[in-house]
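# Structure at a glance
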Amino acid sequence: MLKQLFARKTDFSDDADSSHGPSLRRTLGPWGITALGIGAVIGSGIFVVTGQAAADHAGPAVLISFILAAICSGFTALCYSEFATLIPISGSSYSYAYATLGEVTAWFIGWNMVLEYGISASAVAASWTGYFTSLLDNVGVHLPQTLTDAPFAYTNGELVATGHLINLPAVAIVLALTWLCYVGIRESAGINLLMVMLKVGLIVLVVVAGYRYVNPANWHPFIPPSQGNHKYGWDGIFRGAAMVFFAYIGFEATSTAAQECKNPQRDLPFGTLVSLVICTVLYLAMAAVLTGLIPYNLLGTDEPVVTAIRAHAELNWLRPWVEIGALIGLSSVILVMIIAQPRIFMIMSRDGLLPQVFNRIHPRHRTPHVNTVITGVGIAVLAAVFPLDLLTNLTSMGTLIAFVAVCAGVLILRYTSPELPRTFRVPWAGLTCTAGVLSCLALLCTMDWFNWALMIAWTLIGFAIYFAYGVRHSRLRLANSSAKS
């Protein structure tokens with residue numbers, strides 16, 4: 001029984017995974033994949049998390065927090081790139097874990113990827129509402145708060161009722177983007193590329209215009225004295241790194257589109273690494289400008305970029321453009337997550353670990369249409385009901401656990417299957433993979449007990465589904481049983 005739980009999948013050929021009806025359409029080139037990565041990453045990190053991490057934890061040294069998070073993500077990006085050339089299908093770290101660590105570990109990783117993609121999309125949608133209502137306020141349209149705030153808030157480790165009904169704008173944007181993903185990856189990727197170009201252009205505009213009004217005195221002290229409880233000092237910098245890590249979630253979403261790449265062995269490493277580098281540069285530039293425009297302790301708002309601009313009358317002309325840029329950036333993140341999550345479910349369904357309804361491909365649009373609708377509705381419900389801060393911690397933890405599996409998996413596969421052809425190889429694999437595992441574990445250690453309690457509850461729910469359904473329907477398990485008989 002134990003041996004079957006850790007059985008490894010070895011057949012990842014396109015033929016094996018595309019023999020379930022219509023296949024996905026290959027339309028994405030290297031820059032399309034890069035845009036997918038940038039679209040997934042740039043959003044809540046620049047427009048929300050940067051200010052909160054500076055105000056609550058790191059001060060101006062949030063730049064160091066971003067660098068630490070980027071180093072952790074960089075180690076993982078190299079590992080994702082090697083795996084993507086070995087196993088060019090849409091399962092991402094789920095498929096990589098299945099090849100190296102066995103079925104039960106793959107299920108654990110796949111279940112955590114629901115946190116990384118599905119729940120993170122809900123978190124981003126919740127933050128989208130803040131900029132949307134701010135933009136409407138500028139033109140004299142005021143939505144009732146009962147229709148723009150979640151009915152629950154997370155306060156002092158508890159869920160409390162707010163008296164509000166629903167976060168309706170978040171629901172609307174999620175359902176609109178779900179429809180877009182339903183009709184096809186080509187249309188989705190094209191609109192995502194447009195959104196990426198617009199939001200990067202607006203970010204550059206804010207950096208260039210805002211730099212003229214930076215007051216270097218706001219950067220001193222660069223590392224504020226520690227006040228305990230992860231507030232400032234080096235302790236705060238590391239806690240800030242765990243927080244801004246949420247801003248990097250998504251660069252590996254490129255690997256979920258492997259079956260829609262024209263040349264996955266070439267395009268996936270290129271798109272993953274280039275998107276990570278571009279996003280890191282933009283994050284550092286924006287963080288430097290924000291902490292230079294106003295004192296860092298004033299940035300802890302739902303819209304820190306607007307807060308910093310509002311402090312300088314000369315920059316008021318930028319406010320509507322920032323709000324539009326935030327809406328575009330957050331929308332593109334939601335779009336990429338809605339593209340990614342159904343493709344994880346699709347691969348898990350093909351392996352027999354989820355019902356076959358998740359594997360249906362639309363005969364005309366060639367998308368996992370039923371799966372996309374299920375995912376979109378689930379994301380919309382979470383965004384409507386739960387607050388942003390409750391969703392982001394679970395997202396970061398699930399992602400870090402998946403990253404640990406990927407970094408460990410590359411090293412394991414180097415020893416168990418050294419003969420496999422690798423068009424991209426992680427440099428100094430022993431050092432790089434080990435550093436990736438340790439850096440992810442270090443960020444996990446900064447999470448508090450309540451986050452771990454939520455993670456344990458989520459894990460127990462996942463294993464209940466696996467042992468109730470997945471164990472009995474696993475294609476690998478059934479194939480092994482047939483071979484023995």
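Each remark here, short or long, concerns the structure printed above.
What counts, and at which threshold
Residues numbered from 1 in each chain as written. Predicted model: local features only at pLDDT ≥ 70, side-chain atom pairs only at ≥ 80, totals over all residues. Heavy atoms only, no water. Salt bridge = Lys/Arg side-chain N within 4 Å of Asp/Glu carboxyl O. Helix = DSSP H or I, 4+ residues; strand = E, 2+ residues; numbered from the N terminus. Buried < 20%, exposed > 50% of the residue type's maximum accessible area, 1.4 Å probe, protein only. Core = buried A, V, L, I, M, F, W, Y, C linked by side-chain atoms within 4.5 Å. Contact = heavy atoms within 4.5 Å. Phe/Tyr/Trp six-rings, centres within 6.5 Å; stacked < 30°, edge-to-face > 60°. Axes fitted to C-alpha atoms, helices over the stretch in contact; angles between N-to-C directions. Parallel < 35°, antiparallel > 145°, perpendicular 65-115°, else oblique. Left-handed = near helix turned anticlockwise from the far one by under 90°. Nonpolar A, V, L, I, M, F, W, Y, C, P; charged D, E, K, R; others polar. Expected span 1.5 Å × (residues − 1). 1 Å grid on protein atoms, 1.4 Å probe; cavity = no way out; pocket = protein on both sides within 12 Å on 5 of 7 lines; lining within 4 Å. Points joined across faces, edges and corners; volume = space filled by probe spheres on them.

Per the counting criterion, the structure on display carries 3 salt bridges. Here Glu103 ties to Arg477 by a salt bridge, and the two come within 3.7 Å at their closest N and O atoms. Taken together, the positions of Glu103 in helix H7 (residues 103–138) and Arg477 in helix H18 (residues 475–484) put the pair 374 residues apart, joining distant regions of the chain. For the pair Glu103 and Arg477, one class covers both residues: buried.

This next bit is on the environment of Phe424. Mapped onto the secondary structure, Phe424 falls in the loop between helix H15 (388–416) and helix H16 (429–444). Expressed as a C-alpha distance, the spacing of Phe424 and Phe83, which sit 341 residues apart in the sequence, is 8.6 Å.

Moving on, we come to the nonpolar core. The biggest cluster of nonpolar side chains holds 146 residues, and the ones touching the most others in it are Val62 and Tyr131. With 18 residues, the top contributor of residues to this core is helix H13 (residues 319–350). Those residues in contact with Tyr131, other than ones at most four positions away along the chain, are Phe47, Val48, Asp302, Glu303, Pro304, Val305, Val306, Glu323, Ala326, Leu327 and Leu330.

All told, the structure shown has 17 aromatic pairs when counted by the stated rule. Note on Phe108 and Phe463: the rings are 6.1 Å apart at their centroids and 0° apart in plane angle, and the pair reads as stacked. Linking Phe108 in helix H7 with Phe463 in helix H17 (residues 449–473), this pair joins segments that are 355 residues apart in sequence. Relative accessible area serves as the criterion here: at 22%, Phe108 is assigned to the partly exposed category. On the basis of relative accessibility, which here comes to 23%, the residue Phe463 falls in the partly exposed class.

What follows concerns the environment of Val244. For Val244, the location among the structural elements is in helix H10 (residues 233–248). When the C-alpha positions of Val244 and Ser396 are compared, they lie 9.4 Å apart, and in sequence the two are 152 residues distant. Filtering out sequence-adjacent residues up to four positions away, Val244 remains in contact with Val49, Ala53, Val62, Ser65, Phe66 and Ala69.

Take the packing of helix H5 (residues 62–86) against H10 next. With their axes 7 Å apart at the nearest point, H5 and H10 run at an angle of 55° to one another. Classified by the angle between their axes, H5 and H10 sit oblique to one another. When you trace H5 past H10, the crossing you get is right-handed. Contact residues: H5 offers Val62, Ile64, Ser65, Phe66, Leu68, Ala69, Ala70, Cys72 and Ser73, while H10 offers Trp234, Ile237, Phe238, Gly240, Ala241, Val244, Phe245, Ala247 and Tyr248. Along the lines of polarity and charge, the residues of the contact of H5 with H10 split into 15 nonpolar, 3 polar and no charged.

Looking now at helix H14 (residues 369–385). Taking 1.5 Å as the rise per residue, H14 with 17 residues should run 24 Å; its terminal C-alpha atoms sit 25 Å apart, in good agreement. When we look at burial in H14, the residues that qualify are His369, Asn371, Thr372, Thr375, Gly376, Ile379, Ala380, Ala383 and Ala384. Contact partners of the buried residues in H14: H7, helix H8 (168–183) and H13.

Going through the model one piece at a time under the given rule, you end up with 2 cavities of 30 Å³ or more. The calculated volume of the second largest cavity comes to roughly 40 Å³. Lining the second largest cavity are Phe47, Leu202, Ile203, Val206, Met286, Val305, Trp321, Val322 and Gly325. Elements with a minimum of two residues in the lining of the second largest cavity: helix H9 (185–211) and H13. For the lining of the second largest cavity, the residue count by class is 8 nonpolar, 1 polar and no charged.

No statement about biological role is implied by the geometric values presented.
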